[in-house]
Amino acid sequence: DTTTASSRGLLLVAKNRMGATGNSNYGWFGGGFIPTPAVVSTVDRIDFSNDSVSASPRGPLSSARFGSGATSGQAKGPAIKLQKTGNYGWFGGGNLGTFVTTVDRIDFSNDSPTASVRGSLSLARSNLAATGNSNYGWFGGGFGASATPIVDRIDFSNDSTTASIRGPLSLAREGLAATGNSNYGWFGGGYAPTSYRSIVDRINFSNDSS
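For the structure given in this document, a descriptive report is provided here. (Residues numbered from 1 in each chain as written. Predicted model: local features only at pLDDT ≥ 70, side-chain atom pairs only at ≥ 80, totals over all residues. Heavy atoms only, no water.)

1. A look at the overall build of the protein chain
Of the regular secondary structure elements, the protein chain holds zero helices and 15 strands. Taking 2.2 N^0.38 as the reference for a compact globule, 210 residues should give roughly 17 Å; the C-alpha atoms of the protein chain span a radius of gyration of 16 Å, in line with that estimate. If you line up the protein chain on its principal axes, its C-alpha atoms span 45 × 45 × 40 Å. By the burial criterion, 42% of the 210 residues in the protein chain qualify as buried. For the protein chain, the share of sequence-separated contacts (at least 6 apart) that also reach a separation of at least 24 residues comes to 49%. As displayed, the protein chain has an accessible area near 10000 Å², and 52% of this comes from carbon and sulfur atoms. (Helix = DSSP H or I, 4+ residues; strand = E, 2+ residues; numbered from the N terminus. Rg over C-alpha atoms; globule rule 2.2 N^0.38 Å. Buried < 20%, exposed > 50% of the residue type's maximum accessible area, 1.4 Å probe, protein only. Contact = heavy atoms within 4.5 Å. Areas by Shrake-Rupley, 256 points an atom, 1.4 Å probe, with all protein chains shown as cover.)

In structure tokens form, the structure reads like this:
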């Protein structure tokens, strides 16, 4: 990883501000913003075993949006880099002209139909970040009426209910990114009301109310 990253196959169209998640075999890129027709609901799938070809189109999100956070039910740890423990991906929040609380679920084993709508986030917002372990997904930060520090937790085993609010991030900000393993989630960077930020917050999944 000290050399320049290698270019692989393309997404179906140039776009930005999408959400992305995956399992041990594929990666899914959902929604986003393009010049025309502006906001899209399309989902592109990359095959990790053959990533030199262009991504394939899959079933769309339930509505066009950009700035969603996304995660999946995967167990990550020092001994297991990525273990497939779930078969779904969740895309939460976004902007379709108005901020939304919608959470869509993609079934990885049958990803051609339109994603199903599940329970909502506690706050409508976009430009948020998400990570998760095998049981829960955490959606943090973002922008609604203003930048927010709110962290919502989705229970993968009961994803039809509204997400529960957990302990907030240390600073309200949008446009951040997140990653994690089976024990912790890290939310890094972003833009707070006055400047870009380099701060990294860590959520302890076993004590996520603090």
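Here the narrative resumes, following the displayed structure.
2. A closer look at the side chain of arginine 45
Tracing the sequence through the fold places arginine 45 in strand β3 (residues 43–47). Side chain to side chain, arginine 45 and aspartate 111 meet in a polar contact 3.1 Å long. Beyond its immediate sequence surroundings of up to four residues, arginine 45 is in contact with Tyr26, Gly27, Trp28, Ala55, Ser56, Arg58 and Asp111. (Polar contact = N/O pair within 3.5 Å; in protein donor to acceptor, adjacent residues only side chain to side chain.)

3. Focus on unusual backbone geometry
Despite not being glycine, arginine 17 has its phi angle at roughly 55°, a positive value. Its place among the elements puts arginine 17 in the segment before β1 (19–22). With a relative accessible area of 40%, arginine 17 lands in the partly exposed category. Even without glycine at this site, asparagine 127 takes up a positive phi of about 55°. Looking at the element boundaries, asparagine 127 is found in the loop between β8 (116–117) and β9 (129–132).

4. Quick notes on the environment of serine 164
You can see serine 164 is positioned in strand β12 (residues 164–165). As for serine 164 and isoleucine 154, which are separated by 10 residues in sequence, their C-alpha atoms are 6.8 Å apart. Once residues within four sequence positions are removed from consideration, serine 164 is found in contact with Val151, Asp152 and Arg153.

5. Brief notes about the pattern of salt bridges
Inspection of the entire model under this criterion finds 10 salt bridges. For aspartate 152, the salt bridge is made with arginine 125, and the minimal N-O distance between the two is 3.4 Å. Note that aspartate 152 is positioned in strand β11 (residues 151–155) and arginine 125 in the loop between β8 and β9, a separation of 27 residues in sequence. The same class applies to aspartate 152 and to arginine 125, which are both buried. With a shortest N-O distance of 3.4 Å, aspartate 201 and arginine 173 are connected by a salt bridge. Here aspartate 201, found in strand β15 (residues 200–204), pairs with arginine 173, found in the loop between β12 and β13 (177–180); they are 28 residues apart in sequence, far enough to count as distant. On the accessibility criterion, aspartate 201 (9% relative accessible area) is buried. (Salt bridge = Lys/Arg side-chain N within 4 Å of Asp/Glu carboxyl O.)

6. Here we look at the nonpolar core
Core analysis: the largest hydrophobic core is formed by nine residues, namely Trp90, Val103, Leu121, Leu128, Ala130, Phe139, Ile154, Phe156 and Ala163. In contact with leucine 128, other than residues within four places in its own chain, are Gly67, Ser68, Gly69, Gly92, Gly93, Gly94, Leu121, Phe139, Gly140, Gly141, Gly142 and Leu176. (Core = buried A, V, L, I, M, F, W, Y, C linked by side-chain atoms within 4.5 Å.)

7. So, the environment of valine 200
Locating valine 200 in the fold gives a position in strand β15. With a relative accessible area of 54%, valine 200 lands in the exposed category. Taking the C-alpha atoms as reference, valine 200 lies 14 Å from alanine 130; in sequence the two are 70 residues apart. Apart from the residues within four sequence positions on either side, valine 200 is in contact with Trp186, Phe187 and Gly188.

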